[in-house]
Amino acid sequence: DQQVKQNSPSLSVQEGRISILNCDYTNSMFDYFLWYKKYPAEGPTFLISISSIKDKNEDGRFTVFLNKSAKHLSLHIVPSQPGDSAVYFCAATANAGKSTFGDGTTLTVKP
Amino acid sequence: KAGVTQTPRYLIKTRGQQVTLSCSPISGHRSVSWYQQTPGQGLQFLFEYFSETQRNKGNFPGRFSGRQFSNSRSEMNVSTLELGDSALYLCASSHGQLNTEAFFGQGTRLTVV
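Treat the numbers as computed from the prediction; the structure is a model and nothing was measured.

Participant: Break down unusual backbone geometry for me, with residues and values.
Facilitator: Residues and elements named next belong to chain A. Cis peptide bonds are those with omega within 30 degrees of zero, and the linkage from Val78 to Pro79 qualifies with -10°. By secondary structure assignment, the location of Pro79 is in the loop between β8 (72-77) and β9 (86-93). Of note in the backbone geometry, Asn95 takes a positive phi value of approximately 55° without being a glycine. Checked against the element boundaries, Asn95 lands in the loop between β9 and β10 (100-101). Using a relative accessible area of 61% as the deciding quantity, one classes Asn95 as exposed.

And the structure:
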């Protein structure tokens, strides 16, 4: 039973456009959500997070939206840059416990 | 401050052998989690240790085990290696009691031949 799902394995966008990465979860106990970015041969690095008491968190070009009723969150990157090309993982935690990760979405930003 | 350090970075073992991977978390972090990433797959959770106790465990066979020491350093052991154990093993450290991000090491690339 996969509790965190990223249904799109890959996404390709043009430089300057918006990238929207989606994530769905099933466990209503999750109260904190995070996005990580991973380059090849490196460990994932934290990008942005959101608490379940909020519906939006913004940090520069990155915005995460949370829809608790739909158990859905999304990461918006605008404008997208070639350096954003990486694998993006969505993660969720409950009570500051372990992080449950999705399978990742490979984003390719074309110049 | 120093990041998460995993050793070794690369390892080649033969089937049937056992292996021990090491992870030094960020100073002050009490939670260490281990993940397996295989090609084309996401991060599969192995286990989490907090203050020397296994707090969470994923769905991996008993050949996979771990421990955490009093200084929060953690080791992961895999016995009777199988070809399918070839993967990138990632360690992540976090505060463990606050909602904060996890910091990952660069991983240990294990190849079983």
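Participant: Provide a residue-level description of the pattern of salt bridges, including the pertinent values.
Facilitator: Residue and element names in this part refer to chain B. In the structure shown here, the tally under the stated rule is 7 salt bridges over all chains. A salt bridge links Arg55 to Glu48; the nearest nitrogen and oxygen atoms lie 2.6 Å apart. Ionic pairing is found between Arg63 and Glu82, a salt bridge with its closest N-O pair at 3.6 Å. Here Arg63, found in the loop between β6 (53-57) and β7 (64-68), pairs with Glu82, found in the loop between β8 (74-78) and β9 (87-94); they are 19 residues apart in sequence, far enough to count as distant. Since its relative accessible area comes to 16%, Arg63 is described here as buried.

Participant: Break down the state of the cysteines for me, with residues and values.
Facilitator: One pass over the full model with this rule turns up 2 disulfides over all chains. A disulfide bridge connects Cys23 of chain A with Cys90 of chain A, and the sulfur atoms are separated by 2.0 Å. Of note, the bridge from Cys23 of chain A to Cys90 of chain A carries an S-S torsion of about -70° and is left-handed in sense. You can see Cys23 of chain A sitting in strand β3 (residues 19-25) and its partner Cys90 of chain A sitting in strand β9, a full 67 residues away along the chain. For the pair formed by Cys23 of chain A and Cys90 of chain A, the shared burial category is buried. Two residues, Cys23 of chain B and Cys91 of chain B, share a disulfide whose sulfurs are 1.7 Å apart. Its S-S torsion of approximately -55° makes the covalent link between Cys23 of chain B and Cys91 of chain B left-handed. Within this pair, whereas Cys23 of chain B is found in strand β3 (residues 19-24), its partner Cys91 of chain B is found in strand β9, the two being separated by 68 residues in sequence. Residue Cys91 of chain B is classed as buried on the basis of its relative accessible area of 0%.

Participant: Tell me about the interface of chain A and chain B, residues and numbers included.
Facilitator: At the interface, 19 residues of chain A touch 23 residues of chain B. Summing the contributions of chain A and of chain B, the shared interface buries around 1600 Å²; its carbon and sulfur component is 57%. The three residues of chain A that bury the most area against chain B are Ala96, Lys98 and Phe101 of chain A, which together make up 32% of that side's buried surface. On inspection of chain A and its partner chain B, the count reaches 2 residue pairs in polar contact (both at pLDDT 80 or more). Sorting the residues of the side of chain A that touches chain B by element identifies β4 (32-38) and β9 of chain A as the ones contributing at least two each. Of all the elements, β4 of chain A adds the most residues to the side of chain A that touches chain B, at 4 residues.

Calculation notes
- Residues numbered from 1 in each chain as written.
- Chains lettered and ligands numbered in written order.
- Predicted model: local features only at pLDDT ≥ 70, side-chain atom pairs only at ≥ 80, totals over all residues.
- Heavy atoms only, no water.
- Helix = DSSP H or I, 4+ residues; strand = E, 2+ residues; numbered from the N terminus.
- Buried < 20%, exposed > 50% of the residue type's maximum accessible area, 1.4 Å probe, protein only.
- Salt bridge = Lys/Arg side-chain N within 4 Å of Asp/Glu carboxyl O.
- Disulfide = S-S within 2.5 Å.
- Contact = heavy atoms within 4.5 Å.
- Buried area = accessible area lost by both parts, 1.4 Å probe.
- Polar contact = N/O pair within 3.5 Å; in protein donor to acceptor, adjacent residues only side chain to side chain.

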